[in-house]
Amino acid sequence: SQELEQSPQSLIVQEGKNLTINCTSSKTLYGLYWYKQKYGEGLIFLMMLQKGGEEKSHEKITAKLDEKKQQSSLHITASQPSHAGIYLCGAKDSNYQLIWGAGTKLIIKP
Amino acid sequence: EAGVTQFPSHSVIEKGQTVTLRCDPISGHDNLYWYRRVMGKEIKFLLHFVKESKQDESGMPNNRFLAERTGGTYSTLKVQPAELEDSGVYFCASSQVWTGFGQETQYFGPGTRLLVL
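Because the structure is a prediction, the values reported are computed rather than measured. (Residues numbered from 1 in each chain as written. Chains lettered and ligands numbered in written order. Predicted model: local features only at pLDDT ≥ 70, side-chain atom pairs only at ≥ 80, totals over all residues. Heavy atoms only, no water.)

Peer 1: Looking at this structure, I do not really get the overall build of chain B. What am I missing?
Peer 2: Counting secondary structure elements, chain B contains 0 helices and 11 strands. Relative to the 2.2 N^0.38 estimate, which gives 13 Å for 117 residues, the radius of gyration of chain B is 14 Å and therefore close to what a compact globule would have. Judged by the C-alpha coordinates and their principal axes, chain B covers about 40 × 25 × 25 Å. Per-residue burial over chain B gives 50% buried out of 117 residues. Pairs at least 24 apart in sequence give 54% of the contacts found in chain B among residues at least 6 apart. Of the accessible surface of chain B, which amounts to about 5700 Å², a share of 51% is contributed by carbon and sulfur atoms. Mean positive and mean negative side-chain charge positions of chain B (12 and 13 charges, respectively) differ by 4 Å. (Helix = DSSP H or I, 4+ residues; strand = E, 2+ residues; numbered from the N terminus. Rg over C-alpha atoms; globule rule 2.2 N^0.38 Å. Buried < 20%, exposed > 50% of the residue type's maximum accessible area, 1.4 Å probe, protein only. Contact = heavy atoms within 4.5 Å. Areas by Shrake-Rupley, 256 points an atom, 1.4 Å probe, with all protein chains shown as cover. Lys, Arg positive; Asp, Glu negative; His and termini not counted. Charge placed at Lys NZ, Arg CZ, Asp CG, Glu CD.)

Peer 1: Whenever I open this one, the state of the cysteines confuses me. Can you help?
Peer 2: Simply put, the disulfide is a covalent bond whose two ends are the sulfur atoms of two cysteines. Residue and element names in this part refer to chain A. Evaluation of the coordinates by the stated rule reveals 2 disulfides over all chains. Each sulfur in the disulfide pair Cys 23 and Cys 89 lies 2.1 Å from the other. Its S-S torsion of approximately 75° makes the covalent link between Cys 23 and Cys 89 right-handed. Placement of the pair is Cys 23 in strand E3 (residues 19-25) and Cys 89 in strand E9 (residues 85-92), with a sequence separation of 66 residues. The exposure classification of Cys 23 matches that of Cys 89, with both residues buried. (Disulfide = S-S within 2.5 Å.)

Peer 1: When you look at the sheet that holds strand E3 (residues 19-24) of chain B in this model, what are you seeing that I'm missing?
Peer 2: Paired through backbone hydrogen bonds, the strands of a sheet run either parallel or antiparallel to each other. Residues and elements named next belong to chain B. Taken together, 4 strands build an open sheet; the order of strands is E1-E3-E8-E7 and the sheet is antiparallel. The open sheet has two edge strands, strand E1 (5-7) and strand E7 (65-68), and neither has a second partner. Averaged over all pairs of adjacent strands, the angle between strand axes in this sheet comes to 15°, irrespective of strand direction. (Pairing = 2+ DSSP bridges. Axes fitted to C-alpha atoms, helices over the stretch in contact; angles between N-to-C directions.)

Peer 1: Hey, could you run me through the nonpolar core in this one?
Peer 2: Soluble globular proteins tend to pack their nonpolar side chains together in the buried interior. Ranked by internal contacts, the top residues of the largest apolar core, which has 23 residues, are Leu19(A), Leu32(A), Trp34(A), Leu74(A) and Leu106(A). At the level of elements, strand E2 (10-14), E3, strand E4 (32-37), strand E5 (43-49), strand E7 (61-65), strand E8 (71-76), E9 and strand E11 (104-109) of chain A are the ones that each hand at least two residues to this core. Setting aside its immediate chain neighbours within four residues, Leu74(A) contacts Leu19(A), Thr20(A), Ile21(A), Trp34(A), Met47(A), Ile61(A), Thr62(A), Ala63(A) and Tyr87(A). Of all hydrophobic cores here, the second largest spans 21 residues; its members include Leu21(B), Phe49(B), Ala67(B) and Val116(B). (Core = buried A, V, L, I, M, F, W, Y, C linked by side-chain atoms within 4.5 Å.)

Peer 1: Quick question: what am I supposed to make of the interface of chain A and chain B here?
Peer 2: Quite often, the size of an interface is put as the accessible area lost when its parts meet. Counting residues at the interface gives 24 residues for chain A, matched by 21 residues for chain B. Taken together, both faces of the contact between chain A and chain B bury some 2000 Å²; the carbon and sulfur share is 55%. For Glu104(B), the salt bridge goes to Lys92(A), with nearest N and O atoms at 2.5 Å. Counting across the interface, chain A meets chain B through 6 residue pairs in polar contact (both at pLDDT 80 or more). Only E4, E5, E9 and strand E10 (98-100) of chain A provide two or more residues apiece to the side of chain A that touches chain B. (Buried area = accessible area lost by both parts, 1.4 Å probe. Salt bridge = Lys/Arg side-chain N within 4 Å of Asp/Glu carboxyl O. Polar contact = N/O pair within 3.5 Å; in protein donor to acceptor, adjacent residues only side chain to side chain.)

Peer 1: What should I look at first to understand the packing of aromatic side chains in this one?
Peer 2: Each aromatic ring pair is summarised here by two numbers: the centre-to-centre distance and the angle between the ring planes. By the definition in use, this model includes 12 aromatic pairs over all chains. On the basis of an interplanar angle of 80° and a centroid distance of 5.2 Å, the ring pair of Tyr35(A) and Phe108(B) is categorised as edge-to-face. Highlighted residues: Tyr35(A) in strand E4 and Phe108(B) in strand E10 (residues 107-108), drawn from two different chains. As far as the burial class goes, Tyr35(A) and Phe108(B) line up, both buried. Judged by centre distance (6.1 Å) and plane angle (75°), the ring pair of Tyr35(B) and Phe45(B) falls under edge-to-face. Here Tyr35(B) is found in strand E4 (residues 31-37), whereas its partner Phe45(B) is found in strand E5 (residues 43-50), with 10 residues between them in sequence. Judged by its relative accessible area of 0%, Tyr35(B) is buried. (Phe/Tyr/Trp six-rings, centres within 6.5 Å; stacked < 30°, edge-to-face > 60°.)

Coordinates in, geometry out; function isn't part of it.
What follows is the structure in structure tokens.
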């Protein structure tokens, strides 16, 4: 079965610094989703990548999918307290079900 | 436009009791999903409704779980009788169009935190 591995598990970053979160799949990704969760809130959709080499940006967050479509990275530039939360990558498996990584907990130090 | 809502936000019950979780999807969204996150583990798919029909319920853990979506609007997920291992956060999501592997944005509710004692 397909699995998604996220790294790091947690991250503490000084405000203003850049950071990267990775998501690696054991199989080819047909669609890679990035969501963010804050405690007590639902998962907030950030971006979806489908094509090898694709890159998307939203404000200070950039997500990339590698050419082989087995790895994605989420990069945050000049981090702010509002970026704190749990970042989750998800992908559809061969049954069209969304499977998920374990999440990366991001803490921003003021 | 209202987002996906879930009720209750928290539920604490004793083993053997029954609990019913409710999800109201975004109006007009035909697709409704239930997911569960058990402490320390990944979010797992439970089932998928298209309107009032169960498209895929292969993720349901066992027959103690019953999901319904009467009239193709809101959905309920009943756990009867609840066991300790059912504790976790239950998320509901909805989407407008199901596209297989194609782009489909699922909008999530805040989740129901269930604790079985």
